[in-house]
Amino acid sequence: MPHYRYLIIGGGMTADAVVNGIHEEDPRGSIGVISAEVDPPYDRPPLTKGLWKDKTVDQIMRKATPTEATLHLGVTATAIDPATKTVIAGDDRSFTYDRLLLATGGTPRRLDVHDDGVLYYRTLADYRRLRDAAEAGRHFVVIGGGFIGAEIAASLAMNGKRVTMVFPEPAINATRFPERLASFLNDYYRERGVEVWPHTGVTGVQRHDNVFEVRCSDGRIIDCDGVIGGLGIEPNTALASEAGLAVENGIVVDEHLRTSVPDIYAAGDVAAFTNEALGGRRRVEHEDNANTMGRIAGRNMTGAALPYDHIPYFYSDLFDLGYEAVGALNARLKMEEDWKTLGREGVVYYLDGDHLRGVLLWNVWVQVEAARALLRERRTWRGDELQGRLPAWNRA
Ligand SMILES: Cc1cc2nc3c(=O)[nH]c(=O)nc-3n(C[C@H](O)[C@H](O)[C@H](O)COP(=O)(O)OP(=O)(O)OC[C@H]3O[C@@H](n4cnc5c(N)ncnc54)[C@H](O)[C@@H]3O)c2cc1C
């Protein structure tokens, strides 16, 4: 039974950052990583972006874990016994630890109808499957108009594929962006050849060899060569709750990223942490959070007591548009829009009552720190006071 001073469940970007953090403070402590994936840790964001442009798979592989830790790939942890500090894995293996960290991320949500052959896109293995399908196939249906759907639709279209996007909302990213921006995106995608079908649900997907039939709520049927699902994720919390850890839309952690059970930590997409500037307890499903939280958690596992008070940012690319954002982007919040040109350059401020909770920097760059500083002020705002607030934004 292998014993590690530090054991990590999960083999994503968070796990790799944890390994980095541990190694910084305790280069001699043994580290084990158990990952259900067959690939060692890699950067996930390029799966929908860089790998469809100029990046290679080699370039996205992470460096820390393979050199500083012992990797157990293709191994799924099935139970934790905090009393004996033991982790049980599916193939009857077990591991013991001094300190454990859960970086189990999330599992893609599935359609609740027959979904034969839908590729719920999240891993490098999924990328390889889609690449293979795209070698031969011409027409792909993307179900979902959120982050993943919008990015993979743009990447496939830029690679010469016919793409149909199907989603129930009125517009691309309508749950996060102001109505005008989301409907700008529908037009922008259509101008680039993507067929955009908003207000449309999927009632079933049938596969006949390599041909897929997507049935839509309005009765239309689309025949295509592949179907990609981008419906968001559910945090992988079952292991934690079965072991008695506090779980509430994610594994609850304190400011030092400790769970409710001694010597067990959590970080990344699965961790629910408290940040007052962001309005209380939340989970964040983004790269900067995975990297920064993971590294701090790793250092804390060795005995440091660093608080996690970082305000994470995230980014996305859609054809030749790009954005960065901090905090919460949620179209249910009040949105104060400050456009130089709608859809081309501007800032959107998200307010919960009169508290600023998020800032979207649309084709506006080098403003992340300034946006973070605004959130940290934690003062109250009238919407119009935010117009032009970011100092270096060129309004000429
Ligand atoms: C296609 C795609 C594009 C993205 N693009 C962006 C972007 O542009 N910008 C941005 O900021 N963020 C982006 N993200 C989000 C970002 O990638 C995630 O926030 C980040 O990957 C979270 O890392 P994680 O390690 O916490 O979780 P995950 O990446 O989900 O990793 C969890 C790992 O745990 C493993 N695991 C789970 N349960 C078990 C178990 N019981 N036993 C063993 N192993 C287990 C999983 O197999 C997986 O390896 C993107 C995500 C995807 C999927």
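A brief structural summary. For clarity, every value in this text was computed on a predicted model and none was experimentally measured.

### Focus: the overall build of the protein chain
Next up, step 1: Scanning the protein chain from terminus to terminus reveals 9 helices and 25 strands.
Next up, step 2: At 22 Å, the protein chain has a C-alpha radius of gyration in line with the 21 Å of a compact globule built from 396 residues.
Next up, step 3: By principal-axis analysis of the C-alpha atoms, the protein chain measures approximately 60 × 60 × 35 Å.
Next up, step 4: Sorting the 396 residues of the protein chain into buried and exposed places 56% on the buried side.
Next up, step 5: For the protein chain, the exposed area adds up to about 16,700 Å²; of that, 46% sits on carbon and sulfur atoms.
Next up, step 6: With 45 positive and 56 negative side-chain charges, the protein chain shows a spacing of 3 Å between the two charge centroids.

### Some remarks on the packing of helix H1 (residues 13-25) against helix H8 (residues 287-301)
Two quantities define a packed helix pair, namely the angle between the helix axes and the distance between the axes.
Next up, step 1: Two elements in contact, H1 and H8, have axes whose closest approach is 6 Å; the angle formed by their N-to-C orientations is 35 degrees. Where H1 crosses over H8, the handedness of that crossing is right-handed. Note on element contacts: H8 touches H1 through Glu287, Ala290, Asn291, Gly294, Arg295, Gly298, Arg299 and Met301, opposite Met13, Thr14, Ala17, Val18, Gly21, Ile22, Glu24 and Glu25.
Next up, step 2: Along the lines of polarity and charge, the residues of the contact of H1 with H8 split into 6 nonpolar, 5 polar and 5 charged.

### Details of the site of the ligand
Next up, step 1: Neighbouring the ligand are 34 residues; Thr14, Glu37, Arg44, Lys49 and Asp269 lie closest to it.
Next up, step 2: Interatomic distance of 2.7 Å between a side-chain N/O atom of Thr14 and an oxygen atom of the ligand.
Next up, step 3: Contact distances for the ligand include 2.9 Å between an oxygen atom and a backbone N or O atom of Glu287.
Next up, step 4: Coverage of the ligand by the protein chains reaches 93% of its 990 Å² of free accessible surface.
Next up, step 5: Residue composition of the shell around the ligand, by class: 13 nonpolar, 13 polar and 8 charged.

### Describing the pattern of salt bridges
Note that side chains of opposite charge can pair when their charged atoms are close.
Next up, step 1: Evaluated as defined, the whole model comprises 30 salt bridges.
Next up, step 2: Between Asp288 and Arg372 there is a salt bridge whose closest N-O contact spans 3.0 Å. Residue Asp288 is found in helix H8, and its partner Arg372 is found in helix H9 (residues 368-377); the two are separated by 84 residues along the sequence. In this pair, the class of Asp288 matches that of Arg372, namely buried.
Next up, step 3: Its salt-bridge partner being Arg379, residue Glu385 comes within 3.3 Å of it at the nearest N-O pair.
Next up, step 4: Look at Glu385 and you get partly exposed, because its relative accessible area is 23%.
Next up, step 5: Classification of Arg379 as partly exposed rests on a relative accessible area of 31%.
Next up, step 6: It is possible to trace a salt-bridge network through shared partners that takes in Glu24, Glu25, Arg295 and Arg299.

### Quick look at the sheet that holds strand E13 (residues 211-216)
Adjacent strands of a sheet pair through backbone hydrogen bonds, lying either parallel or antiparallel.
Next up, step 1: Taking strand neighbours across the sheet as the criterion, the 3 strands line up as E12-E13-E14 in an open arrangement whose pairing is antiparallel. One side of each edge strand has no neighbouring strand; the edge strands of this open sheet are strand E12 (202-208) and strand E14 (221-224). Averaged over all pairs of adjacent strands, the angle between their axes in this sheet comes to 15 degrees, without regard to strand direction.
Next up, step 2: Both E13 and E14 contribute to a ladder of 4 bridges, which runs antiparallel. When the sheet's bridge partners are listed, Phe212 is paired in E14 with Cys224.

### As for unusual backbone geometry
Next up, step 1: The backbone of Asp209 sits at a positive phi, close to 55 degrees, despite the residue not being glycine.
Next up, step 2: Relative to the helices and strands, Asp209 resides in the loop between E12 and E13.
Next up, step 3: For Asp209, a relative accessible area of 68% translates into the label exposed.

### Describing the side chain of Thr14
Next up, step 1: Its location among the elements puts Thr14 in helix H1.
Next up, step 2: Excluding its chain neighbours within four sequence positions, the residues that come into contact with Thr14 are Ala103, Ala267, Gly268, Asp269, Ala290 and Gly294.

Here is what the cut-offs are and how they apply
- Residues numbered from 1 in each chain as written.
- Predicted model: local features only at pLDDT ≥ 70, side-chain atom pairs only at ≥ 80, totals over all residues.
- Heavy atoms only, no water.
- Helix = DSSP H or I, 4+ residues; strand = E, 2+ residues; numbered from the N terminus.
- Rg over C-alpha atoms; globule rule 2.2 N^0.38 Å.
- Buried < 20%, exposed > 50% of the residue type's maximum accessible area, 1.4 Å probe, protein only.
- Areas by Shrake-Rupley, 256 points an atom, 1.4 Å probe, with all protein chains shown as cover.
- Lys, Arg positive; Asp, Glu negative; His and termini not counted.
- Charge placed at Lys NZ, Arg CZ, Asp CG, Glu CD.
- Axes fitted to C-alpha atoms, helices over the stretch in contact; angles between N-to-C directions.
- Left-handed = near helix turned anticlockwise from the far one by under 90°.
- Contact = heavy atoms within 4.5 Å.
- Nonpolar A, V, L, I, M, F, W, Y, C, P; charged D, E, K, R; others polar.
- Near = heavy atom within 4 Å.
- Polar contact = N/O pair within 3.5 Å; in protein donor to acceptor, adjacent residues only side chain to side chain.
- Salt bridge = Lys/Arg side-chain N within 4 Å of Asp/Glu carboxyl O.
- Pairing = 2+ DSSP bridges.

Without other data, these values stay purely geometric and don't point to any function.
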